[in-house]
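Architecture at a glance
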Amino acid sequence: MSQTLDAPLQFVKGVGPRRAAEFETAGLFVLEDLLLRLPIRYEDRSCVTTIANLHPGEVVSVVGEVLSCGVRSSRRRRFQVLEVLVGDSSGQVRAVFFNQSFLLDVLVPHQSVVLFGKVEEGRFGGGLQFQNPDYEIVTEKRLGSDQPGIHTGRIVPVYERLGTVTSKMIRRIVHAALKEVPSDVEDPLPDEVRRQYKLVDRWSALNQVHFPHTGVSIDELNRFASLAQRRLIFEEFFFFQLGLAERRRKIDASRKPYKIDIDD
């Protein structure tokens, strides 16, 4: 089923009334509004290392199997620490999550998972660990392919949080929505303008600005200088200038209430 850019956000997959209300506080009402709200930065999560090669201070991804998952007691009331032990053929590492006990039903033993985050020394000589890392469940089908995930295994967009709607939630919503936007979506820029300035079409720009292709420079993306970003930035300024020109035309065409005669 195709998705139009003017579809109200409430009816976009993964949104619903509550999240739509939070989007509205940021001035986002339809799908096009959301897609034109660009990521604030990008992270390269495409490089995967083995657990044995982890070093404190690194920000990396690992792929492994969940060996165990449980809640550890804490001295603080109503503060839960969830510990997940993940292993690959080279070793084991812990992932620690705070107040996220719902993950007991998500990160179950024998499940393949990708972890991304900063590697730290565990307390009391407990070895290396990830603290509140981003994670993604990996299916057997994906393990045997080059297909990247949504949150890992690729250059990942990071969005500004909107109320209770996290960057990860927005990433999932945008990814699902882009699959439904047809490739022949109307392009507001005239063909001659796109040819003159060598701009990519709008559908390609919307897809690549949120989920860049492999090989795009992460530095270029974070400088907002990629081809997709330049296309959308150009579009915004083009219509801003067009609006100013139309305003000037109307002012020039309007009759003045008084005629000023200038003599010698």
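Residues numbered from 1 in each chain as written. Predicted model: local features only at pLDDT ≥ 70, side-chain atom pairs only at ≥ 80, totals over all residues. Heavy atoms only, no water.

1. Notes on the overall build of the chain
Here is the rule: A run of H or I in DSSP becomes a helix once it reaches four residues, and a run of E becomes a strand once it reaches two; helices and strands are each numbered from the N terminus. To get the radius of gyration, use the C-alpha atoms; to get the globule rule, take the number of residues to the power 0.38 and multiply by 2.2 Å. Remark: exposure states derive from per-residue accessible area (1.4 Å probe, protein chains only) relative to the maximum for the residue type, with buried under 20%, exposed over 50%, and partly exposed in between.
What the chain contains, in helices and strands, is eight helices and eight strands. For 264 residues, the compact-globule formula gives about 18 Å, and the C-alpha radius of gyration of the chain, at 24 Å, lies well above that figure. Structurally, the chain occupies a C-alpha span of about 95 × 45 × 45 Å along its principal axes. Residues classed as buried in the chain amount to 36% of the 264 residues present.

2. Observations regarding the side chain of Asp187
Basically, it comes down to this: Any N or O atom pair separated by 3.5 Å or less is treated as a polar contact, with the protein-specific requirement of one donor-capable and one acceptor-capable atom, and with residues adjacent in sequence counted only for side-chain atom pairs. The contact criterion used throughout is that any non-hydrogen atoms of two residues lie within 4.5 Å.
Topologically, Asp187 is positioned in the loop between α4 (167–180) and α5 (191–196). There is a polar contact of 3.0 Å between the side chain of Asp187 and the backbone nitrogen of Arg202. In this structure, Asp187 is in contact with Arg194, Asp201, Arg202 and Arg231, ignoring residues within four places of it in sequence.

3. A few points about the nonpolar core
Operational definition: Nonpolar cores are built from buried Ala, Val, Leu, Ile, Met, Phe, Trp, Tyr and Cys residues. Side-chain atoms within 4.5 Å join them into one set.
Counting 30 residues, the largest nonpolar core has Phe23, Leu34, Leu35, Ile170 and Val174 as its most contacted members. Of all the secondary-structure elements, those providing two or more residues to this core are α1 (16–25), α2 (31–35), α4, α6 (202–210) and α8 (227–253). Ranked by the residues each element gives to this core, the list is headed by α4, at five residues. When residues no more than four places from it in sequence are discounted, the contact partners of Ile170 are Phe23, Leu34, Tyr159, Glu160, Leu162 and Val165. Of all hydrophobic cores here, the second largest spans 18 residues; its members include Val60, Val86, Leu107 and Tyr135.

4. Quick look at the pairing of strand β2 (residues 59–72)
How we decide: Paired strands, in this sense, are two strands between which DSSP finds at least two bridges.
The sheet contact formed by β2 and strand β5 (residues 112–121) spans seven bridges and is antiparallel. Bridging across to β5, Gly64 finds its partner in Val113. Bridge analysis of β2 against strand β3 (residues 81–88) gives seven bridges, and the strand direction is antiparallel. Within β3, the position partnered with Ser68 by the bridge is Leu85.

5. Focus on the packing of aromatic side chains
Selection rule: Aromatic pairs are defined between Phe, Tyr and Trp rings, using the six-membered ring for Trp, whenever the two ring centres lie within 6.5 Å; interplanar angles under 30 degrees are classed as stacked, those over 60 as edge-to-face, and all others as tilted.
Counted by the stated rule, this structure contains four aromatic pairs. Their ring planes at 45 degrees and their centres at 5.0 Å tell us that Tyr197 and Phe234 sit as a pair that is tilted. One end of the pair, Tyr197, is in the loop between α5 and α6; the other, Phe234, is in helix α8, with 37 residues separating them in the sequence. When the ring of Phe234 is compared with that of Phe238, the centres are 6.1 Å apart and the planes differ by 20 degrees; the resulting orientation is stacked. Taken as a pair, Phe234 and Phe238 lie in helix α8 at a separation of four residues, close to a single helical turn. Of the residues examined, Phe238 reaches a relative accessible area of 24% and is grouped as partly exposed. Among the aromatic residues, ring-to-ring pairing joins Tyr197, Phe234, Phe238 and Phe239 into one connected group.

6. Brief notes about α4
Basically, it comes down to this: Under the convention used throughout, the expected extent of a helix is 1.5 Å for every residue step, that is, one less than its residue count.
Spanning 14 residues, α4 covers 20 Å between terminal C-alpha atoms, matching the ideal 20 Å at 1.5 Å per step. All of the buried residues along α4 are Ser167, Lys168, Ile170, Arg171, Ile173, Val174, His175, Ala177 and Leu178. If you follow the buried residues of α4, they end up packed against α1, α2, β7 (134–137), β8 (155–158) and α6.

7. Regarding the pattern of salt bridges
Pairing between side chains of opposite charge can happen when the charged atoms of each approach one another. Stated precisely, the cut-off is as follows: Any Lys or Arg side-chain nitrogen found within 4 Å of a carboxyl oxygen on Asp or Glu counts as a salt bridge.
Using the criterion set out here, one finds 14 salt bridges in the structure. Here Arg94 ties to Glu83 by a salt bridge, and the two come within 3.0 Å at their closest N and O atoms. Placement of Arg94 in strand β4 (residues 91–98) and of Glu83 in strand β3 is noted, with a sequence separation of eleven residues between them. Each of the salt bridges in this network shares a partner with another, and the network as a whole consists of Glu32, Asp187, Asp191, Arg194, Arg202, Arg231 and Glu235.

8. Digging into unusual backbone geometry
Backbone geometry places His110, a non-glycine residue, at a positive phi of 75 degrees. Note that His110 resides in the loop between β4 and β5. Of the residues examined, His110 reaches a relative accessible area of 66% and is grouped as exposed. A positive phi angle, close to 50 degrees, is found at Asn132, a residue other than glycine. The residue Asn132 is located in the loop between β6 (128–131) and β7 in this model. We classify Asn132 as partly exposed; its relative accessible area is 36%.

9. Side note on the side chain of Arg94
Side-chain polar atoms of Arg94 contact the side chain of Gln129, separated by 3.0 Å. Among residues more than four places away in sequence, those in contact with Arg94 are Glu83, Val84, Leu85, Gly122, Gly126, Leu128, Gln129 and Phe130.

Structural measurements only, silent on function.
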